[in-house]
Amino acid sequence: EPEVTQTPSHQVTQMGQEVILRCVPISNHLYFYWYRQILGQKVEFLVSFYNNEISEKSEIFDDQFSVERPDGSNFTLKIRSTKLEDSAMYFCASRQGSNSNQPQHFGDGTRLSIL
Amino acid sequence: DQQVKQNSPSLSVQEGRISILNCDYTNSMFDYFLWYKKYPAEGPTFLISISSIKDKNEDGRFTVFLNKSAKHLSLHIVPSQPGDSAVYFCAASGNGGATNKLIFGTGTLLAVQP
C-alpha cells in the first residue's frame, strides 16, 4: 500500500539554526499538509498546500516557517531560525482529492529536538 | 482551542469485549468526522470516518456513531483484540475544498488486556 514517507526520523538542531523536514507524499495525491504534536499535547494543523501554493495556515505558521514542493515529489517544511518551543513531532499528510470522504494519510513523523 | 474533545485519556478492556471511545465537538459546521489510530513511533493511521449527514458507519469490527444534536460521536470496536491497543484520535473537518484541515482531539489510550 502506498504511504507517506518522512525524513529524517529524528533531527537534533541547535537553537537559531535552520532545519528542513522532508516528506514524500503518496504519488497521485494533490493536497499536502503539515501538522505538529508537542509532547503531551494534541496534534495541531500547521499548513495546507495545493496547486503549488499555501491554501491555509494556522497562527503557529509564522514567518519563520515555509513550505515548498521543489520537484513534484518532495514536500518540505523549513523552519528558518529554530526556537526551543519548536521541539515537537512533525507529521506530513497527503490527500488524493477534495472530497470530504477522502482521508488524509500521515507519515510516521520527524521528531525535532531543539537544543 | 477545544473544538474537539476526548474526555477519557485512557480505557482498558478485556479481549473479546466491546471498546467504546467517545468524542465531543463544539463546532456545528464540521461536516466530516474521522478516527485515527496511532502506535508509538508511527504516524496516525486512518481507521473510519462518517459524514455529518449520517448517524452510523460500519467497517468490520469498527462502527462509528454520530449524534449531531448532542455533538457527540463514538467509536465501537467489537470484539476488541490485543492488537487494537493504541492511541485513538477523533478528528473533524469542515466543508470540502482545498483545505479540509483536521482538528484533532487529545486522544484516548486503549489497552486491550489478553
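Fair warning: this is a prediction, and the values are worked out from it, not measured in the lab.

### Digging into unusual backbone geometry
Working note: non-glycine residues mostly have negative phi, and peptide bonds are mostly trans. With omega at -10°, the peptide bond leading from Thr7 of chain A into Pro8 of chain A counts as cis. Summarising the element assignment, Pro8 of chain A is placed in the loop between strand 1 (5–7) and strand 2 (10–13). Of note, the bond from Val78 of chain B into Pro79 of chain B is cis; its omega dihedral lies within 30 degrees of zero at -10°. Examined against the element boundaries, Pro79 of chain B turns out to sit in the loop between strand 8 (72–77) and strand 9 (86–93). For Asn51 of chain A, which is not glycine, the phi torsion reads 55° and is therefore positive. Mapped onto the fold, Asn51 of chain A is located in the loop between strand 5 (43–50) and strand 6 (53–57). What makes Asn51 of chain A exposed here is its relative accessible area of 60%. In this structure, Ala41 of chain B takes a positive phi of about 65° despite not being glycine. With respect to the helices, strands and loops of the structure, Ala41 of chain B is situated in the loop between strand 4 (32–38) and strand 5 (45–51). A relative accessible area of 70% means that Ala41 of chain B is categorised as exposed.

### Some remarks on empty space enclosed by the protein
Within the structure shown, the criterion is met by one cavity of 30 Å³ or more. What the largest cavity holds in volume is close to 60 Å³. Lining the largest cavity are Arg95, Ser100, Gln102, Pro103 and Gln104 of chain A together with Tyr32, Leu34, Ser93, Asn100 and Leu102 of chain B.

Calculation rules
Residues numbered from 1 in each chain as written. Chains lettered and ligands numbered in written order. Predicted model: local features only at pLDDT ≥ 70, side-chain atom pairs only at ≥ 80, totals over all residues. Heavy atoms only, no water. Helix = DSSP H or I, 4+ residues; strand = E, 2+ residues; numbered from the N terminus. Buried < 20%, exposed > 50% of the residue type's maximum accessible area, 1.4 Å probe, protein only. 1 Å grid on protein atoms, 1.4 Å probe; cavity = no way out; pocket = protein on both sides within 12 Å on 5 of 7 lines; lining within 4 Å. Points joined across faces, edges and corners; volume = space filled by probe spheres on them.

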